[in-house]
Each structure stands twice: as C-alpha cells, then as structure tokens.
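Listed below, chain by chain, are the residues.
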Amino acid sequence: MKQLVITERICLIGHILAKVFGLIGILLVIPHAEVILNLGGGVGQTAMQLSMADGGVVDIIFGTIAVSIFASRVLGWRTWLLFMVPSLLISVGSELLGTSTGFPFGYYSYLSGLGYKIAGLVPFTIPLSWFYVGLSAYLLARTGLKVAEKPSLGRQIAAVLLGALLFTSWDFALEPAMSQTAFPFWYWEQPGAFFGTPYQNYAGWFGTSALFMSVAALLWRNTPVKLERSQLTVPIIVYLSNFIFAAGLSLGAGYFIPVSLGFGLGVAPAVVLWLSATAIHNLTVTSPTATAEVSTANVKVAVK
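Residues numbered from 1 in each chain as written. Predicted model: local features only at pLDDT ≥ 70, side-chain atom pairs only at ≥ 80, totals over all residues. Heavy atoms only, no water.

## Things to note about the overall build of the protein chain
Counting secondary structure elements, the protein chain contains ten helices and four strands. Reading the protein chain from its N end, one meets helices and strands in the order α-α-α-α-β-β-β-α-α-β-α-α-α-α. A total of 304 residues make up the protein chain; the buried ones form 46% of that total. Counting only contacts in the protein chain whose residues sit at least 6 apart along the sequence, the fraction spanning at least 24 positions is 75%. When the accessible surface of the protein chain is totalled, it reaches about 14,500 Å², and 70% of it is carbon and sulfur. (Helix = DSSP H or I, 4+ residues; strand = E, 2+ residues; numbered from the N terminus. Buried < 20%, exposed > 50% of the residue type's maximum accessible area, 1.4 Å probe, protein only. Contact = heavy atoms within 4.5 Å. Areas by Shrake-Rupley, 256 points an atom, 1.4 Å probe, with all protein chains shown as cover.)

Structure representation (structure tokens):
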C-alpha cells in the first residue's frame, strides 16, 4: 500500500509539473520559439518537437494513473472500475459521434498534440481526461452533498447535476485556450457565438458527463462511498490544477469572461463542497460502532 501511495504522489506531482511546463511553454516559449530553435546541436529543435508532440500526452497519462491509484486505494478497485469504464466508453462514444456528425458538441476536429487518434478522429487521451476530471468533480459533489450520510434519490440526482456542472465549468476556461489561441489542439468548423465556441458544446459536455455520472451512481447504489475531507485531497488538487492550467492559457489570450464564468460555477462551488466534507476530528459519535472506530483511530494516532 505504501508503494501505491508513493506512486500516486509521484504521478500527481508529475501531472501538475507537466501542466506548469505546458503553461510556460505555450505562453512564453512558443511566442519566442526562434530562441529555442537556434540552440546548437539540434537540441532546441528536438526539445520543441518532444514538448509539442508528447507534452499533453504525458500530462494526461500522469493524471490518469494518479486518480486511478487514488480511486482503487480509497474506493476499492471495483468501485473505481464501475466509474472508469462507463466514463471512458460514454465519453469516447460521444466524442466520436461529435467529430463525425456534429452532435452533441457541434462541428469540430482535433489537431495534433494529444496523441494517437481513435478511428483517426479522437485522441486516446481525451476520454482519459473525461475520466479523471469527471471522477474528481463527482466525488466532490457527492461528498459535499452528504449523499452517503443521508442517502435519497434527490441527493443522488443533485450530486450528478452538480458534478456535471463542475465538469462543464472546467470547459468554460478550457475551450478558448484549446481552440482559439496561437497553439490550438482542436478547431471549430463553425465557430460559435460564445467566444468562438457554440453554446451547443457546453450542453454536450453537461449531458455527456451527467450520463456517465448517472450510470456510476446506479452501479454504486449498493456500495457506500463515504469520504472524509482529507480523502478528497487528490480530487480537489486535480480539479483545481486542471482549471488553473486552462484559465492561465485563456487569460493569457484575453478571455476573461469564460474564465470568470468557470470560476464562479466551478472553482468556487468545488472549494465549498470540499470544505463541507466531514473532517475526521468533527465526526459525531452516534452509535457504539462509531465509538469503537473513533477510539481505534485515536489509539493509532497516539501510538504513531
């Protein structure tokens, strides 16, 4: 277990560092690419090729591994897979449909920079990012709304809708950065009214994420997923780091309104939900079983 935690932390740090270097590269290096390219011995040219071709792929793979280890360790491997499999299948299906027909996001195409394309249309890294950011958003919503402590159909539905909103809010900051800036990763064949993005795109993001979160909720219905605030550290870090990366690129290009909207509908609620999660020292003892668990936890802390 200790080795898993170490690997998880290494991958999480790698995920964050890849985003930092990516942000620096796109905002500072690319506009002055001639300086790098002129480095002797072909070093600059090789560095540019590697960073442009593999930077986004490495970033997403690190995030996928970190969240997968976290989920299998904290939730259990079965619960992890019951979210990961539907999220991958539904998101790649939605992306393939979107790039082929324009539904549900609008007419768009992926450029290079995000790895091998499934069916020549969708980079394999895209459904991976839907998985790890989607799980992070859903766990924040589910835990903050106390679904496990006070289970009800209304709370389940609210968690799915709120999780989908957090996920879609990430795209408010992400979309201009990835499609409208100097180094785009996809482009719109029919640019929309919202800073070049069709409003339909956000409906597609919300609907797709709500669908796979709903499937996960149904599959988890007999599995209590009860987390404390400390166990949400990875989800909140993943959500915020991905938003900050997208926001940095969009703000660098002058897209203030989409980022502000994403912050208000995504970042602020995510932080509130994280703070709303129960902290271990605030647990209320309501039964002999709970008393035994708290006592055991205190003994472990004292011994340590």
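Structure's up, so let's keep going.
## Remarks on the side chain of S94
Note on placement: S94 falls in helix 4 (residues 77-101). Using a relative accessible area of 9% as the deciding quantity, one classes S94 as buried. The residues touching S94, leaving out its near neighbours within four places in the chain, are F103, P104, F105 and T208.

## Comments concerning helix 9 (residues 256-276)
When the terminal C-alpha atoms of helix 9 are compared, their 28 Å separation across 21 residues agrees well with the 30 Å that a helix rising 1.5 Å per residue should span. The sharpest bend along helix 9 reaches about 40° and sits at F263. Taken residue by residue, helix 9 has P258, V259, G262, G266, V267, A270 and L273 as its buried positions. Packing partners of the buried residues in helix 9 comprise helix 5 (125-144), helix 6 (153-179) and helix 8 (233-252). (Expected span 1.5 Å × (residues − 1). Bend = angle between axes of the 7 residues up to and from the residue.)

## Examining the environment of S112
Along the chain, S112 turns up in the loop between strand 1 (108-110) and strand 2 (117-118). A residue is classified by how much of its surface remains accessible, and S112, at 58% relative accessible area, is exposed. Distance in space between the C-alpha atoms of S112 and P184 is 8.9 Å, their sequence separation being 72 residues.

## Regarding the UniProt feature "transmembrane region" (unreviewed entry) in the protein chain
Here, UniProt's "transmembrane region" (unreviewed entry) annotation points to residues 12-30, 50-72, 79-98, 118-141, 153-170, 202-220, 232-249 and 255-275. Between the first and last C-alpha atoms of residues 153-170 the distance is 26 Å; the span itself is 100% helix and 0% strand. For residues 232-249, helix accounts for 94% and strand for 0%, while the C-alpha atoms at its two ends are 26 Å apart. (UniProt positions renumbered as here; feature names shortened; annotations may be inferred.)

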